[in-house]
Amino acid sequence: MKISIKNLNILICDDSISNVLLLEKLLKDSGYVRVAAVTDPVKVLPLMLETQFDLLLLDIEMPGLTGIEVLQQMHRSALHNQFIPVLVLTGNQQPEIRNKALEVGASDFLTKPFDNTEVLLRVRNLLRVRAAYLSQSRMNAELEDRVEKRTQELEKANAILIKRLAQVGEMRDSETGRHVLRVGKYARVLSDAIGLPDDIGYMIEKAAPLHDLGKIGIADKILLKKGKLTEEEREIMNGHAQMGADLLSDHESLLVQMAGSIALSHHEHWDGKGYPKGLQGESIPVEGRITALSDVFDALTTIRPYKKAWAVDEAVDYIKKKAGLQFDPRLVEVFISRLDSILEIKTRFDDSK
Ligand SMILES: [Fe+2]
Ligand SMILES: [Fe+2]
């Protein structure tokens, strides 16, 4: 949208009422519709903070507060980065005063007595620069808005796809749909409790449900086998971690990358005896350590075709025993301290509902 300079807001400040009236009339007669004027320099800053002015015509020699002081006030206020042009009115020809005014933010000068043509030309020129600045910042703001909206849409689409993908993974497994939901929510509690930033907690919550996505690549006869797996079958089954990571690799979305990291690392053990890489301690990504604990707790406390559901106490005892072996000991501590929130999730997202 083109900005008409005649509609921009002009403020005049001169202690001489006749100067103010003269300038106001001159500007209005030549088509500027928004012209305000004050004779008290103390009022300039409050007025400018309240209304957005696009040009200030400012007298220098005034009683009470000089124009230089007004400029200094503006410089110290929120106005200093708004690039509002200031046309300084002065009867003083001394270069020191002019230089001082320029130093504190004056854009141009008008010498008294005014030459009408010069006043109008200097006003026009400053307002043109102002209009260009305003339209540029409007364009930037619109562009930022559009980018922001687009990013949000993409993130939303990614989150939906991730959720669907997690459901696909479950369809082949005997685990229930609620399992992955709870694992995500437990993981969020742990992420928050150890002080991870909000956006990372959000990503872990959304990505953790994909931890077993790689199981879609495991043959039914192994995946759904009722009895104990042979050594060889166990090997194949363990391949689901790498397979999940492969499915989720090479994607720009941070959420998908997070899901890939979780898929790969959710069977690593703190003592280095997990798979697929045998990583140890802090070398296991935190999102993997968090998901591992969340996953095991949920698997223990819910019914599976091959086992009954353990009581919460039994599951907590097991987890405590595995602190420093299978699980990150700090996470185990945090898990126990947040058991209330964990159990609330367990009840709220129970399989029967
Ligand atoms: Fe797994
Ligand atoms: Fe799981």
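Residues numbered from 1 in each chain as written. Chains lettered and ligands numbered in written order. Predicted model: local features only at pLDDT ≥ 70, side-chain atom pairs only at ≥ 80, totals over all residues.

1. So, the pairing of strand β5 (residues 108–111)
Relative to β5, strand β4 (residues 86–90) runs parallel, the two sharing four bridges. Opposite Val88, over in β5, you have Phe109 as the bridge partner. Since β4 and β5 lie parallel, the crossover through helix α4 (residues 95–103) that links them has a hand, and here it is right-handed. (Pairing = 2+ DSSP bridges. Helix = DSSP H or I, 4+ residues; strand = E, 2+ residues; numbered from the N terminus. Right-handed = clockwise from strand over helix to strand, strands pointing away.)

2. Quick look at the packing of helix α5 (residues 116–171) against helix α11 (residues 254–265)
Where α5 meets α11, the closest approach of the two axes is 9 Å, and the angle between their N-to-C directions is 30 degrees. When the axis of α5 is compared with that of α11, the two are roughly parallel. For the pair α5 and α11, the contacting residues are Asn158, Ala159 and Ile162 in the first and Leu255, Val256 and Ala259 in the second. Taken together, the residues of the contact of α5 with α11 sort by class into five nonpolar, one polar and no charged. (Axes fitted to C-alpha atoms, helices over the stretch in contact; angles between N-to-C directions. Parallel < 35°, antiparallel > 145°, perpendicular 65-115°, else oblique. Contact = placed C-beta atoms within 7 Å. Nonpolar A, V, L, I, M, F, W, Y, C, P; charged D, E, K, R; others polar.)

3. Considering the domain arrangement of the protein
As assigned here, the protein comprises domain 1 (5–144) and domain 2 (172–348). Using only C-alpha atoms to locate each centre, domain 1 and domain 2 end up separated by 65 Å. (Domains from an automatic or database assignment.)

4. Here we look at the sheet that holds strand β1 (residues 9–13)
Pairing is parallel in the open sheet, where five strands are placed in the order β2-β1-β3-β4-β5. Single-partner strands in this sheet number two, and they are β2 (34–38) and β5. When the angles between neighbouring strand axes are averaged without regard to direction, this sheet yields 20 degrees. Note that β1 and β2 share five bridges and pair parallel. Bridge assignment links Ile12 to a residue of β2, and that residue is Ala37. Helix α1 (residues 17–29) contacts β1, β2 and β3 (55–59) of the sheet and is inclined by roughly 180 degrees relative to β2.

5. Description of the pairing of β3
The two faces of a sheet get side chains in turn, since along a regular strand they alternate between them. Burial runs high along β3: five of the five residues are buried. Bridge analysis of β1 against β3 gives four bridges, and the strand direction is parallel. Note on β3: the bridge partner recorded for Cys13 is Leu58. Alignment of β3 against β4, held across four bridges, turns out to be parallel. Within β4, the residue paired with Leu57 across the bridge is Leu87. On the question of chirality, the crossover connecting β3 to the parallel β4 by way of helix α3 (residues 67–76) is right-handed. (Buried ≥ 20, exposed ≤ 12 C-beta atoms within 10 Å, placed from the backbone.)

6. Some words on the nonpolar core
In this structure, Tyr186, Leu190, Ala207, Leu210, Ala259, Ala263 and Leu293 are the most contacted members of the largest nonpolar core, which totals 35 residues. For this core, the secondary-structure elements that each account for two or more residues are α5, α6 (177–193), α7 (198–207), α10 (240–248), α11, α12 (286–301), α14 (329–337) and α15 (339–348). Those residues in contact with Leu293 that lie beyond four places of it in its chain are Leu190, Ile319, Phe327, Leu331 and Phe335. In this structure, Leu27, Met48, Ile84 and Leu127 belong to the second largest nonpolar core, which totals 31 residues. (Core = buried A, V, L, I, M, F, W, Y, C linked by C-beta atoms within 7 Å.)

7. Observations concerning α12
If you check α12, its first and last C-alpha atoms are 23 Å apart, about what 16 residues at 1.5 Å a residue would give, namely 22 Å. Here α12 has its buried residues at Glu287, Gly288, Arg289, Ile290, Thr291, Ala292, Leu293, Ser294, Asp295, Phe297 and Asp298. As for α12, its buried residues are in contact with α6, α7, α11, α13 (312–321) and α14. (Expected span 1.5 Å × (residues − 1).)

8. Looking at unusual backbone geometry
Cis peptide bonds are those with omega within 30 degrees of zero, and the linkage from Lys112 to Pro113 qualifies with -5 degrees. With respect to the element layout, Pro113 can be found in the loop between β5 and α5. Omega for the bond connecting Tyr275 with Pro276 falls within 30 degrees of zero, at 5 degrees, which places this linkage in the cis form. With respect to the element layout, Pro276 can be found in the loop between α11 and α12. Even without a glycine there, the phi angle at Phe83 is positive, about 50 degrees. With respect to the element layout, Phe83 can be found in the loop between α3 and β4. For Phe83, a count of 14 C-beta atoms within 10 Å translates into the label partly exposed.

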